[in-house]
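So the chains spell out like this:
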Amino acid sequence: MAKPATVFVCSACGTESAKWHGQCPGCGAWNSLAEEARAPARAARSSGGGRAVKPVRLADVRPERHARLSTGIGELDRILGGGVVPGSLVLIGGSPGIGKSTLTSMALGHLQAAGRRTLYVSGEESAAQIRLRAERLPGGALDVPVLAETDLDTVLATLDAERPEVCVVDSVQTLHAADLTGAAGSVGQVREVADRITRLAKARSIAVLLVGHVTKEGALAGPRVLEHLVDCVLQFEGERERTYRTLRALKNRFGSTNDVGVFEMRQGGLVEVADASARFVGEATRAPGSAILAAMEGSRPLLVEVQALVSPSELVPPRRVANGIDRNRLALVLAVLGRHAGLGVGSADVFVNVAGGVRVDEPGADLAVALAVASAQRGAPLGGGEQPIACFGEVGLTGELRSVAHPDRRHAEAAKFGLQSVIAPGEAVATLRQALRAALPAAAPRAA
Ligand code: TYD
Ligand code: MG
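These numbers were taken from a predicted model, which means no experiment stands behind them. (Residues numbered from 1 in each chain as written. Chains lettered and ligands numbered in written order. Predicted model: local features only at pLDDT ≥ 70, side-chain atom pairs only at ≥ 80, totals over all residues. Heavy atoms only, no water.)

Novice: Looking at this model, I keep getting lost on empty space enclosed by the protein. Mind explaining?
Specialist: Empty pockets left among the atoms are what a rolling probe the size of a water molecule brings to light. If you walk through the whole model with that rule in mind, you get one cavity of 30 Å³ or more. In this structure, the largest cavity occupies an estimated 100 Å³ of space. Taken together, Arg286, Ser290, Ala291, Ile292, Pro381, Leu382, Gly385, Glu386, Gln387, Pro388 and Ile389 make up the lining of the largest cavity. Along the lines of polarity and charge, the residues of the lining of the largest cavity split into six nonpolar, three polar and two charged. (1 Å grid on protein atoms, 1.4 Å probe; cavity = no way out; pocket = protein on both sides within 12 Å on 5 of 7 lines; lining within 4 Å. Points joined across faces, edges and corners; volume = space filled by probe spheres on them. Nonpolar A, V, L, I, M, F, W, Y, C, P; charged D, E, K, R; others polar.)

Novice: Help me understand the packing of aromatic side chains, please; the structure alone is not making it clear to me.
Specialist: What describes a pair of aromatic rings is the distance from one ring centre to the other and the angle between the planes of the rings. Applying the stated criterion to the full structure yields two aromatic pairs. Pairing Phe236 with Phe263 gives two aromatic rings, centres 6.1 Å apart and planes at 80 degrees, and the pair type is edge-to-face. With Phe236 in strand E9 (residues 232-238) and Phe263 in strand E11 (residues 260-266), this pair connects stretches of sequence that are 27 residues apart. On the accessibility criterion, Phe236 (1% relative accessible area) is buried. Residue class for Phe263 comes out buried when judged on its relative accessible area of 0%. Between Tyr244 and Phe280 the ring centres are 4.9 Å apart and the planes differ by 80 degrees, which places this aromatic pair in the edge-to-face class. Of the two residues, Tyr244 is situated in strand E10 (residues 244-252) and Phe280 in helix H7 (residues 276-283); the sequence distance between them amounts to 36 residues. For the pair Tyr244 and Phe280, a shared accessibility class is recorded, and that class is buried. (Phe/Tyr/Trp six-rings, centres within 6.5 Å; stacked < 30°, edge-to-face > 60°. Helix = DSSP H or I, 4+ residues; strand = E, 2+ residues; numbered from the N terminus. Buried < 20%, exposed > 50% of the residue type's maximum accessible area, 1.4 Å probe, protein only.)

Novice: So what exactly am I meant to see when it comes to the pattern of salt bridges here?
Specialist: When the charged atoms of two side chains lie near each other, side chains of opposite charge can form a pair. Inspection of the entire model under this criterion finds 25 salt bridges. Arg78 is paired through a salt bridge with Glu75; the nearest N and O atoms lie 3.2 Å apart. Separated by three residues within a single helix, Arg78 and Glu75 lie in helix H1 (residues 74-80), roughly one turn from each other. For Arg78, a relative accessible area of 31% puts it in the partly exposed group. Glu75 gets classed as buried once you look at its relative accessible area, which sits at 7%. (Salt bridge = Lys/Arg side-chain N within 4 Å of Asp/Glu carboxyl O.)

Novice: Which parts of the structure should I look at to understand the site of ligand 1?
Specialist: The immediate surroundings of ligand 1 are formed by 16 residues, with Ser101, Thr102, Arg266, Gln267 and Gly269 found nearest. At a separation of 2.5 Å, a nitrogen atom of ligand 1 approaches a polar backbone atom of Arg266. Relative to its free-state accessible area of 560 Å², ligand 1 is covered by the protein chains to the extent of 77%. Contributing elements (two or more residues each) for the shell around ligand 1: helix H2 (100-113), helix H3 (127-136) and E11. Broken down by element, the shell around ligand 1 gets its largest block of residues, three residues, from H2. Of the residues contributing to the shell around ligand 1, the split by class is four nonpolar, eight polar and four charged. (Near = heavy atom within 4 Å. Polar contact = N/O pair within 3.5 Å; in protein donor to acceptor, adjacent residues only side chain to side chain. Areas by Shrake-Rupley, 256 points an atom, 1.4 Å probe, with all protein chains shown as cover.)

Printed below as a string of structure tokens:
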């Protein structure tokens, strides 16, 4: 049977279907199927033409040593596992304006200055625009050869001719394969573009940093499809208006996915923030509603300020706004505070924010959220405002505090930055109620 000329592809999981469905049969997402034109079917290979190959015992396989190319950006090298592996494919995702082009331009600049052959391919901006950015950046950013092009065939031919060691493709959504009729950025196009770049890059040993935009929902467009193709997936997060940005690996074939890098956007590009804890502790207000969380960002301890505001509301239902933490965790913490710690917020609006635009995705943040909300509700600073305190711990549904990973490293980080008193799950503090008593000893109920 001939393949249909069009198929419906799910933008969330890449499942293909001959018919349109309101709900994706693959992942259950609603309204995610979009029509895609199909390339003329390639002649189907018969299964009879293959040649048997002798499998090799694992112990007899020669181990690969990955030489690494340093990007000159310490945090980026660390997240990658020690630098860029030649011939590898790295997908860098992030929302518009976060600094993907800046980061990749800087990396190529440093590589070029170190004598590597580089190429910056952009389908987003003109060469003049790219130059304008490079003028602000340090290192050899202005020496990087650039190709402003959206046609995939031209890009591939140029890559083949130039044979750079490291190349940036900014972005995978702007390139267009002429033999596919879908618009640039559609799932079919993105997959084809990434697939063909991957094949050329592997064949010619070109390391490719592939820039990808994330959708409103925070997923890389055509996510599953690309994640399988590439060796590393890096996620660049933060808010455009804020100065701090975090870079973390969601997948890494050549290193761990446990690390996070912190950057600051300045006039001259992105600057690594090696002492992020010191920054965040220094900037913490210590006012009512502020708590310092000893968080773990992968394997790295990080002190961040969690702020809360509890304010009377006319709205039904009241607002529950969470920035930098999961909204559902906030709802859970508020419910436990009310039910087990005698601290209900009733119909008030509650806003919680992790300062600096950092995102903490771990249950260890619960206690900081609870203490910040309690402190805001009571109008009293934690620890009486004199002794700065740090905290961490998961809040359980029965009001108990549960231990979280790496307590020693969290304690050590707090001590390093002068936070002598740490409230964490333990014998003395086993419940949320006890934690509140320890953190807000003399807080009188808020005056009406
Ligand atoms: P950009 O790297 O273009 O973001 P993306 O490629 O992810 O869309 O830059 C993001 C923002 O950073 C842009 O609004 C301008 C700002 N910026 C600086 O503040 N300092 C700089 O040195 C540069 C190059 C950009
Ligand atoms: Mg860009």
